[in-house]
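Remarks on the overall topology
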Amino acid sequence: MSSSRTGRPPVRRAARRPAVPRPPRENPLRTAVTRARRAWDRPLTAYYVVLGGSLLITVLGLVMVYSASQITALQMSLPGSYFFRKQLLAAAIGAVLLLAASRMPVKLHRALAYPILAGAVFLMALVQVPGIGVAVNGNQNWLALGGTFQLQPSEFGKLALVLWGADLLARKQDKRLLTQWKHMLVPLVPAAFMLLGLIMLGGDMGTAIILTAILFGLLWLAGAPTRLFAGVLAVAALLGAILIRTSENRMARLACLGATEPQTGPVDCWQAVHGIYALASGGIFGSGLGASLEKWGELPEAHTDFIFAVTGEELGLAGTLSVLALFAALGYAGIRVAGRTEDPFVRFAAGGVTTWITAQAVINIGAVLGLLPIAGVPLPLFSYGGSALLPTMFAIGLLIAFAREDPAARMALAMRQPRFGKKRIRGSQRPRRWNTMRRRAPGARSSGER
């Protein structure tokens, strides 16, 4: 070994380390999308979205009912909070129904299908009995319950068709009968037409459209072939065209599409045009809660069918987009519940409820925006009306129950239970251990027949 001039051994210099390349910067947008997908894939996402979204829509609806109905109540010589108190009572009863439906087992839901259908048919037939049925705005679809309370049985017909149709199709699928078109249509389509006939006897075209949408949703989920589906759709469209053509009121509503002046033609489009005026005057953030001008006698049915217009005027574009986002999230969560289950009844019922709420929201909002004819249907969970709110909240309870029935969701909920009473195992206290299950079970237990 060579030495230095001083006789000391040479100092060895450390070898230079190769430069470590810096990791590439992640795209913030892509990272956010990835995190959102992971969050949405969690077992309890649909459960929380259905529960939280429906509660937010209901609470916001109560606020807007109070704001939109004050002037109408005062014009009728009633207290300003009259309609709000009735809606609050209906919401409290609906919350009990939602909680009960969310805790019921699937077998009990199936057992209730026929009693609910029989009760709905009986009440809908009772509406047509002279002296018992009550006509409201030209439609004979109400029953007087005493005092100021009335009931619209056709709203419960939607729930009856969902439960009974889901139970019927599930039993036929278990027996592998849905491959035959006669078993797919009979008796589902005749029973639906019976309900439609009872509704149309009272002149309620809007509810009939929602019921038809539920029927199509069930047939689509059952795997109806295209030509069979198109045939039923053609028959329904033909009947609808005949019913519209033979009614001056329905023809007038159709003529108001795209109207910009209240009286520019042979028909009066006052309601449709003032709904557009309310939305246009709201701007981005609205005129303020309670500051609507259209509800001062200019906009008919401001707290029922056209409450979305008052929302746009007082809360602006931000408020209306928030309502649309809540309904979109609720519909998407319902689709997820229907798509991740192995139980045919849960799939049909969840799909039917999602079709019902989504179609009704689209028809109501489309009418307010002037894109669809005014059908006279309320905005689900939002508009004033206890008869519409009660079955809708029960249907939301169904979605919550179905979301809880997912095996991964059951396991996640069990893990989040408070551990106040720990089970003793061989004399020692140890917390119960659970195995996480992120994926859907390959063979979920069927709810069984009644």
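Residues numbered from 1 in each chain as written. Predicted model: local features only at pLDDT ≥ 70, side-chain atom pairs only at ≥ 80, totals over all residues. Heavy atoms only, no water.

Taken as a whole and assessed by the stated rule, the structure comprises one disulfide. Paired by a disulfide, Cys256 and Cys269 hold their sulfur atoms 2.1 Å apart. Between Cys256 and Cys269 the sulfur-sulfur dihedral comes to about -90 degrees; the bridge is accordingly left-handed. With Cys256 in the loop between helix 11 (248-255) and helix 12 (270-280) and Cys269 in the loop between helix 11 and helix 12, this residue pair connects regions lying 13 residues apart in the sequence. When sorted by exposure, Cys256 lands in the same class as Cys269, which is buried. (Disulfide = S-S within 2.5 Å. Helix = DSSP H or I, 4+ residues; strand = E, 2+ residues; numbered from the N terminus. Buried < 20%, exposed > 50% of the residue type's maximum accessible area, 1.4 Å probe, protein only.)

Attention shifts here to the confidence of the model for the protein chain. In this model, the protein chain carries a mean pLDDT of 85, and residues with pLDDT of at least 70 account for 86%. This stretch, residues 420-450, has a pLDDT under 50; its non-local contacts, to residues over four places away or in other chains, come to 48 contacts. (pLDDT = per-residue confidence, 0-100. Contact = heavy atoms within 4.5 Å.)

So, on to the packing of aromatic side chains. The relative placement of two aromatic rings is captured by the distance of their centres and the angle of their planes. Tallying each qualifying case throughout the model produces six aromatic pairs. When the centroid spacing of 5.1 Å and the interplanar angle of 80 degrees are considered together, the rings of Tyr82 and Phe83 count as edge-to-face. Each of the two residues, Tyr82 as well as Phe83, counts as buried. Summarising the aromatic geometry, the rings of Tyr114 and Trp164 are spaced 6.4 Å apart at their centres and angled 85 degrees between planes, so their arrangement reads as edge-to-face. Here Trp164 lies in helix 6 (residues 153-174) and Tyr114 lies in helix 5 (residues 113-126), a separation of 50 residues in the sequence. Among the aromatic residues, those joined into a ring-pair cluster are Tyr82, Phe83 and Tyr384. Here Lys86 stacks its cationic end above the ring of Phe149, 5.1 Å away from the centre of that ring. Directly above the aromatic system of Phe348 lies the positively charged group of Arg347, at a separation of 5.2 Å from the ring centroid. (Phe/Tyr/Trp six-rings, centres within 6.5 Å; stacked < 30°, edge-to-face > 60°. Lys NZ or Arg CZ within 6 Å of the ring centre and 35° of its normal.)

Opposite charge on two side chains allows them to pair when their charged atoms are near. Under the counting rule described, the total for this entry stands at four salt bridges. Two residues, Arg110 and Asp167, come together in a salt bridge whose shortest N-O distance is 2.8 Å. Separated by 57 residues along the polypeptide, Arg110 in helix 4 (residues 106-111) and Asp167 in helix 6 bring together distant segments of the chain. One exposure class covers both Arg110 and Asp167, and it is buried. Of the charged contacts in the structure, one is a salt bridge between Arg171 and Asp167, with a shortest N-O distance of 3.1 Å. Residue Arg171 and its partner Asp167 are located together in helix 6, separated by four residues, close to a single helical turn. For the residue pair Arg171 and Asp167, the accessibility class agrees, reading buried in each case. Salt bridges sharing partners connect three or more residues here, namely Arg110, Asp167 and Arg171. (Salt bridge = Lys/Arg side-chain N within 4 Å of Asp/Glu carboxyl O.)

Let us look at the side chain of Lys86. Mapped onto the fold, Lys86 is located in helix 3 (residues 82-103). Despite its burial, Lys86 remains without a salt bridge, the nearest opposite charge being carried by Glu301 at 12 Å. Residue contacts for Lys86: discarding those within four places in its chain leaves Thr148, Phe149 and Tyr384. (Lys, Arg positive; Asp, Glu negative; His and termini not counted.)

Mapping His303 onto the fold places it in the loop between helix 12 and helix 13 (307-339). Not counting residues within four places of it along the chain, the set of residues in contact with His303 comprises Val65, Ala68, Ser69, Thr72, Phe83, Ser383 and Tyr384.

On to the pairing of strand 2 (residues 139-146). In terms of strand pairing, strand 1 (residues 133-136) meets strand 2 through four bridges, oriented antiparallel. Bridging from a neighbouring strand, Gly133 pairs with Leu143 of strand 2. Pairing of strand 2 with strand 3 (residues 149-151) involves three bridges; the strand directions are antiparallel. Residue pairing for strand 3: Gly146 is matched across the bridge by Phe149. A loop of two residues connects strand 2 with strand 3, the two strands running antiparallel in sequence, and Gly147 in this loop sits at a positive phi of about 70 degrees. (Pairing = 2+ DSSP bridges.)

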